[in-house]
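An overview of the molecular structure
Listed here are the chains, written in short residue letters.
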Amino acid sequence: MLEARLGRRVQVGDAEFNPWSLRLGVANLALAGAKPGDAPQLEIARLQVNVAWASLWHLAPVLDALTIEGPKIRVEHLGEGHYDVEDMLTKLSKPDEPQKPASEPAKFALYNLSVNGGSVDFVDTPVGQTHTIRDLSLSVPFLSSLPVYRETHVQPALSLRLNGSLVDTSAQSKPFAASHASDVHLKFEQLDLKPYLPYLPKTLPVQLKAGVLDSDLRLGFEQGAKQQLRVHGDIGLKGLMLSLPPEGKVASEALLQLADIRLQLTEILPLERQAHISSISLAQPVISVNRHADGEIPLLRAFPGQATPRISSKEAVQNTPVAKPWSVQLDKLAISDGSAMWHDASTSPAARMKLANMHVAVQHFKWPMVEPVRFTLGADLQSPDNTLARLEGEGGGTDKQIDAQLKLSKLELGAATPYLANWLYPRLVGQLSAEARVQWRAGSSDGALVAQTTIEAPVLRLDKLALLPQASPAQSKETASLLSIQQIKATGLKLDLAQRDASLTGLSIRQLTLPVERSEQGQWMAESWVKPAGRSGGAKTSEG
């Protein structure tokens, strides 16, 4: 009868039945593959069912035990969403006799479900990969839909190795109670994501190249008059690598490498759109941003701006569903030992800089932002040869306004040489140091309140400022400066970017050296420093 229902040959090595204990045992059960010569679709080394006499008065199956030893399952993906088990699924979906729709769950009671030594092979023929499950172990002490057992907890446990990574879960649930309450424990250790990368859509703006997932989560679900789903626990990802997809002849470019990211979830309520996250920590993130010789930045190409269709206010009210906004609370965000790489091939010479030793700490973030969030940050600006500056800051703000104190120490102005070469022949050197208060305020949507950004620097200092002629390979490294100033010190500097207004209370200049020269053609020396329009040779351009 089973062969007729499945349309496949079924072999049984040995079978025994004890009518007094109602125990059925089957050994070496095998279900044939889809085609002659294929490996068996299913193999079970040993199957034992203990049926309880209580099945008679409950008029439903009551099993004292169900034990499955050494099950082996093989499924093959044939391509384009087709599998080698479709013939059986088609036959099972067409019952021999019309069935009445069920008005309640099927009645049954199952005790001591045990699956040991199981394995699954998923053969993906088009991709050329095989995904495996080994050491499958499943235990369910009790599962019942009978009314007498409705409030009894089910305590399942599951462990396996998925492609070599350990997955260990356990749970408590009441799936057939009115509340459908359950508490599920999901645990993954060292789950390598590489085998699953070929299944990701090729059209994604960013490609996942590597990552190893760890998870220790608990999910609580209850369905009654109101559905509730709760998630809490820890989740982590190691060795994350993201890249931008290739574009034409342009090869794929690295975007982000992350040694480790950890999330501690206090409570996530997806149905209520509420999230409370205890902490997010990112260790050693490395972001790479490139600008090609033609001026294109691939990162911007991956995330192009999308036009928003115009609709009237009346249409927006009538047609746009108002979804409840997410409420998010993040107690702590920490970024440690981060780096941001910048390579600009559109300048000559090409500009290479990076922010190194980055650290960011954010505390008490809430969305919607009803109170300011506090933050601290720090980073070193570096060139391939040396450290160019140190930036530190702290402050607070919301999505409407920000108030921050920033400190910039000894910024080497020579870092701007590739960009100033568009307009100047000489090289600019010197160091900039300043401490400033930066305030930003968002404008209102109706335009009544204009966006404003102000910068107040009690002291701004330029040290060892000089313009040096471009040296040729035959010249000595020590060349006379075209202009040199030992120090420029500005006090009480105030900038209003919105109003384009600047003021300061004091300015001092120390040890200014400026050789004054005029050529026979009547040209002052400063005129020879500036490149004529159309001859900004520092920028690379492409034709076509």
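To start, this report covers the structure provided alongside it. (Residues numbered from 1 in each chain as written. Predicted model: local features only at pLDDT ≥ 70, side-chain atom pairs only at ≥ 80, totals over all residues. Heavy atoms only, no water.)

Thoughts on the overall build of the protein chain
The number of helices and strands found in the protein chain is six helices and 25 strands. Counting over 544 residues, the protein chain shows a buried share of 30%. Relative to all contacts within the protein chain whose residues are 6 or more apart in sequence, the contacts with residues 24 or more apart total 55%. A total accessible area of about 33700 Å² is found for the protein chain, and carbon and sulfur atoms account for 57% of it. (Helix = DSSP H or I, 4+ residues; strand = E, 2+ residues; numbered from the N terminus. Buried < 20%, exposed > 50% of the residue type's maximum accessible area, 1.4 Å probe, protein only. Contact = heavy atoms within 4.5 Å. Areas by Shrake-Rupley, 256 points an atom, 1.4 Å probe, with all protein chains shown as cover.)

Re the nonpolar core
Of all hydrophobic cores here, the largest spans 25 residues; its most connected members are Leu265, Ile268, Ile277, Ile280, Leu282 and Leu333. Listed by contribution, the elements that provide at least two residues to this core are strand S13 (227-244), strand S14 (253-269), strand S15 (274-291), strand S16 (327-344) and strand S18 (373-382). A total of six residues in this core trace back to one element, the largest contributor, which is S14. Sequence-distant contacts of Leu333, that is, excluding residues within four places in its chain, are made with Ile280, Leu282, Val360, Ala361 and Val362. In this structure, Val10, Leu66, Ile68 and Val115 belong to the second largest nonpolar core, which totals 18 residues. (Core = buried A, V, L, I, M, F, W, Y, C linked by side-chain atoms within 4.5 Å.)

With respect to the pairing of strand S4 (residues 62-69)
Counting buried residues in S4 gives six out of eight residues, a clear majority hidden from the surface. Taken together, the six bridges between strand S3 (residues 42-51) and S4 define a ladder with antiparallel strand orientation. Across the sheet, the residue bridging to Asn50 is Ala65, located in S4. Where S4 and strand S7 (residues 109-124) come together, six bridges link them in parallel fashion. Residue Leu63 lies in a different strand from S7, and its bridge partner there is Leu110. (Pairing = 2+ DSSP bridges.)

Re unusual backbone geometry
In the segment running from Ser348 into Pro349, the intervening peptide bond is cis, with an omega of 0°. With respect to the secondary-structure elements, Pro349 resides in the loop between S16 and strand S17 (351-367). For the peptide bond that leads from Trp367 to Pro368, omega is 0°, which places it in the cis range. Mapping Pro368 onto the fold places it in the loop between S17 and S18. Positive phi values are uncommon outside glycine, yet Arg273 reaches one of about 55°. Among the structural elements, Arg273 can be located in the loop between S14 and S15. Overall, the relative accessible area of 29% leaves Arg273 in the partly exposed class. Even without being a glycine, Lys410 presents a positive backbone phi close to 55°.

Let's talk about the packing of aromatic side chains
Enumeration according to the criterion identifies one aromatic pair in this entry. Measuring from centroid to centroid gives 6.1 Å for Tyr83 and Phe122, while their planes differ by 40°, and the two rings are tilted. On the criterion of sequence distance, the pair formed by Tyr83 in strand S6 (residues 82-83) and Phe122 in strand S7 is long-range, its members being 39 residues apart. Note on Phe122: relative accessible area 24%, which makes it partly exposed. (Phe/Tyr/Trp six-rings, centres within 6.5 Å; stacked < 30°, edge-to-face > 60°.)

Here's the deal with the layout of surface pockets
Taken as a whole, the largest pocket holds about 420 Å³ of empty space. What lines the largest pocket is a set of 18 residues, and nearest its centre among them are Ser383, Leu388, Gly414, Ala415 and Thr417. Of all the secondary structure elements, the ones that give two or more residues to the lining of the largest pocket are S17, helix H6 (417-420) and strand S21 (427-441). Grouping the constituent residues of the lining of the largest pocket by class yields nine nonpolar, five polar and four charged. Quantified by volume, the second largest pocket comes out at close to 190 Å³. If you trace the second largest pocket, you find 13 residues lining it, with Leu406, Leu408, Ala434, Ala436 and Ile455 closest to the centre. Secondary-structure elements contributing two or more residues to the lining of the second largest pocket are strand S20 (401-412), S21, strand S22 (452-468) and strand S23 (483-496). In the lining of the second largest pocket, the residues fall into 12 nonpolar, no polar and one charged. (1 Å grid on protein atoms, 1.4 Å probe; cavity = no way out; pocket = protein on both sides within 12 Å on 5 of 7 lines; lining within 4 Å. Points joined across faces, edges and corners; volume = space filled by probe spheres on them. Nonpolar A, V, L, I, M, F, W, Y, C, P; charged D, E, K, R; others polar.)

So, the pairing of S3
By the bridge criterion, eight bridges tie strand S2 (residues 23-31) to S3 in an arrangement that is antiparallel. The partner of Ala27 across the bridge, within S3, is Arg46. Note that S3 and strand S5 (residues 72-79) share two bridges and pair antiparallel. The residue bridging Glu43 from the neighbouring strand is Lys72, located in S5.

Some details on the side chain of Ser484
Relative to the elements of secondary structure, Ser484 occurs in strand S23. With a relative accessible area of 19%, Ser484 lands in the buried category. Ignoring sequence-local partners within four residues, the contact set of Ser484 consists of Leu465, Ala466, Gln511, Leu512 and Thr513.

No statement about biological role is implied by the geometric values presented.
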